[in-house]
Amino acid sequence: MYALGIETSCDETAAAVVYKGSTIVSNVVASSLSLHKEYGGVIPEIASRMQLEAIIPVVSGALRNAKKHIRDIGLISVTSGPGLLGSLIVGLSFAKALSASQAIPLLGINHVYSHIFASFLDQKGKVPRFPFVALIVSGGHTNLFYVKGFDRIELLGGTLDDAAGEAFDKVAKILGLGYPGGPAIELLAREGNPRSIPFNCSRTKAPLDFSFSGIKTAVLYFVRTRKSIARAAHRGLLRDIAASFQETVFRVLIEKSMAACRMKNVKTLVVGGGVASNNRLRKMSEILLKQSGIRVFFPGRSLSLDNAAMVAGLGYHLYTRGLRSDLYLNVGQD
Ligand code: KG4
Ligand code: ZN
């Protein structure tokens, strides 16, 4: 069965066709990111206006690239939350209209859960086995889950303040690197010494929760005490700040993921979300988790970022387990 996925939770308008919940036949992502750059973050009004314009060409493009007609589609799977409300409404309204007019079943999908599912796509048989622990690190979320099945997901912990990607974006802003911050910090950190500045992440009462606002403030004060970014840059410090910040955040993410695996007695970790596209996180996870006998799964780099293939894929597996939505489906934040 071919499932059509539609995803509009943030700045992107995405549509994909996925076969039997695992093979990507087409995957189109249009982003309005360039329009948000000058504001240093995503402006919801701009995002949803662009999504209104993009939704029809993007969905048509996904069908065309897949060489499929809407009649070939057995399920419309759409992100219903969490995300930017105006953006979610564009994707959901379009999906409902398509479902009603073409008599195709509809299923609303949780965006964060779809990031977990990205590791099941195009993996040539090497998919994670249930149960496992999932770490989702994106611009809006940092969560640890215990995953017993596609529809059996238990929250173990989450961030108390900033999400990991949000911390990257804010630190990049402090360092004058522009938006989005993750890729810029990754690039700069490659040349830096990750042990040069002893940054720390705040401790949390619950061991599987996260807190990243403290380290962001620590970077701000560190830069301020050097009087100006220009002076820090002159002394080659920016690279070391980026590398030390990145390494500290990743060490905490990996240590807490390992603690969650120990707690649930599992040997598989699945990582997803925009921050999971970072090569240093991939490398550090592999090295540190191997020592504990934990196997780690990452999606392909582009599938770590927001896309509709993960929405179509997860939708297929939930649909075959009997889940359905109707036209009363609404956008939500959980
Ligand atoms: O999953 P995603 O595409 O959208 C959300 O659901 O939020 O994640 C976007 C986030 C942004 O905060 C961005 O800075 C971060 O992922 N990100 C990265 C990298 N690429 C994107 N963070 C660290 N390193 C990267 N290479
Ligand atoms: Zn996302």
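Our subject is the structure listed above.
Everything quoted here is computed from the prediction, not taken from an experiment.

*Asks:* Any chance you could explain the packing of helix H5 (residues 164-174) against helix H7 (residues 213-225) here in plain terms?
*Replies:* In a pair of packed helices, the angle between the axes and the distance between the axes together describe the arrangement. The contact between H5 and H7 brings their axes to 10 Å, and the two run at 10 degrees. When the interaxial angle is binned, H5 and H7 end up roughly parallel. Two secondary-structure elements touch here, H5 through Lys170, Val171 and Ile174 and H7 through Lys216, Val219, Leu220 and Val223. In terms of residue class, the contact of H5 with H7 is made up of five nonpolar, no polar and two charged.

*Asks:* Looking at this model, I keep getting lost on the sheet that holds strand S1 (residues 2-7). Mind explaining?
*Replies:* Note: strands within a sheet are paired through backbone hydrogen bonds, in either parallel or antiparallel orientation. If you trace the five strands from one edge of the open sheet to the other, you get S3-S2-S1-S4-S5, paired in mixed fashion. In this open sheet, the two strands that pair with only one neighbour each are strand S3 (23-31) and strand S5 (106-110). For this sheet the average axis-to-axis angle between neighbouring strands, irrespective of direction, equals 20 degrees. Two elements, S1 and strand S4 (residues 73-81), share five bridges in a ladder whose sense is parallel. When the bridges of S4 are listed, alanine 3 appears paired with leucine 75. Packing of helix H2 (residues 44-65) onto the sheet brings it into contact with S1, strand S2 (12-19), S3 and S4, and relative to S2 it is tilted by some 20 degrees. On the sheet, helix H3 (residues 85-102) packs against S1, S4 and S5 and is oriented at approximately 155 degrees with respect to S4.

*Asks:* Help me understand the coordination of the zinc ion (ligand 2) in this model?
*Replies:* Each angle at a metal carrying four tetrahedral donors should ideally be 109.5 degrees, and each at a metal carrying six octahedral donors should ideally be 90 or 180 degrees. For the zinc ion (ligand 2), every protein donor is listed as His111 (NE2), His115 (NE2) and Asp306 (OD), and the spread of their distances is 2.0 to 2.2 Å. Of note, the donors binding the zinc ion (ligand 2) are all from one chain and are spaced H-x3-H-x190-D. In this pair, histidine 111 and histidine 115 both sit in helix H4 (residues 111-117), four residues apart, roughly one turn of the helix. The burial state of histidine 111 is the same as that of histidine 115; both residues are buried.

*Asks:* Honestly, the sheet that holds strand S8 (residues 152-158) in this entry has me stumped. Any pointers?
*Replies:* Reading across from one edge, S8-S7-S6-S9-S10 is the order of the five strands in this open sheet, with mixed pairing throughout. Strands at the two margins of the open sheet, each flanked by one partner only, are S8 and strand S10 (295-297). For this sheet the average axis-to-axis angle between neighbouring strands, irrespective of direction, equals 25 degrees. Where strand S7 (residues 142-149) and S8 come together, six bridges link them in antiparallel fashion. Looking at S8, one finds that phenylalanine 145 is bridged to leucine 155. Running at roughly 155 degrees to strand S6 (residues 132-137), helix H9 (residues 237-264) makes contact with S6, S7, S8 and strand S9 (268-272) of the sheet.

*Asks:* Is there a simple way to explain the pattern of salt bridges in this structure?
*Replies:* Pairing of side chains with opposite charge becomes possible as their charged atoms draw close. One pass over the structure, following the stated rule, counts six salt bridges. Between lysine 170 and aspartate 162 there is a salt bridge, with the nearest N and O atoms lying 3.1 Å from each other. Between glutamate 166 and lysine 170 there is a salt bridge; the shortest N-O distance is 3.2 Å. Of this pair, glutamate 166 and lysine 170 are both found in helix H5, four residues apart, which corresponds to roughly one turn of the helix. The class for lysine 170 is partly exposed, based on a relative accessible area of 31%. Taken together, the shared-partner salt bridges in this structure form one network comprising Asp162, Glu166, Lys170 and Lys216.

*Asks:* Which parts of the structure should I look at to understand the packing of aromatic side chains?
*Replies:* The way to describe two aromatic rings as a pair is by their centre distance and the angle between their planes. For the structure shown, the criterion picks out 13 aromatic pairs. Relative to phenylalanine 120, the ring of phenylalanine 117 lies with its centre 5.3 Å away and its plane at 10 degrees, an arrangement referred to as stacked. Like phenylalanine 117, the residue phenylalanine 120 is buried in the burial classification. Judged by centre distance (5.8 Å) and plane angle (25 degrees), the rings of phenylalanine 120 and phenylalanine 130 are stacked. Of this pair, phenylalanine 120 sits in the loop between H4 and S6 while phenylalanine 130 sits in the loop between H4 and S6, and the two are 10 residues apart along the sequence. On the accessibility criterion, phenylalanine 120 (8% relative accessible area) is buried. Residue classification places phenylalanine 130 among the partly exposed residues on the basis of a relative accessible area of 32%. Put simply, the rings of Phe117, Phe120, Phe130, Phe132 and Phe150 touch in pairs and so form one group of aromatic residues. Across from the ring centre of phenylalanine 210, 5.6 Å away, lies the NZ or CZ of lysine 256, which sits over that ring.

Reading the values: the criteria
- Residues numbered from 1 in each chain as written.
- Chains lettered and ligands numbered in written order.
- Predicted model: local features only at pLDDT ≥ 70, side-chain atom pairs only at ≥ 80, totals over all residues.
- Heavy atoms only, no water.
- Axes fitted to C-alpha atoms, helices over the stretch in contact; angles between N-to-C directions.
- Helix = DSSP H or I, 4+ residues; strand = E, 2+ residues; numbered from the N terminus.
- Parallel < 35°, antiparallel > 145°, perpendicular 65-115°, else oblique.
- Contact = heavy atoms within 4.5 Å.
- Nonpolar A, V, L, I, M, F, W, Y, C, P; charged D, E, K, R; others polar.
- Pairing = 2+ DSSP bridges.
- Donors = N, O, S within 2.8 Å, 3.2 Å for Na, K, Ca; no water.
- Buried < 20%, exposed > 50% of the residue type's maximum accessible area, 1.4 Å probe, protein only.
- Salt bridge = Lys/Arg side-chain N within 4 Å of Asp/Glu carboxyl O.
- Phe/Tyr/Trp six-rings, centres within 6.5 Å; stacked < 30°, edge-to-face > 60°.
- Lys NZ or Arg CZ within 6 Å of the ring centre and 35° of its normal.

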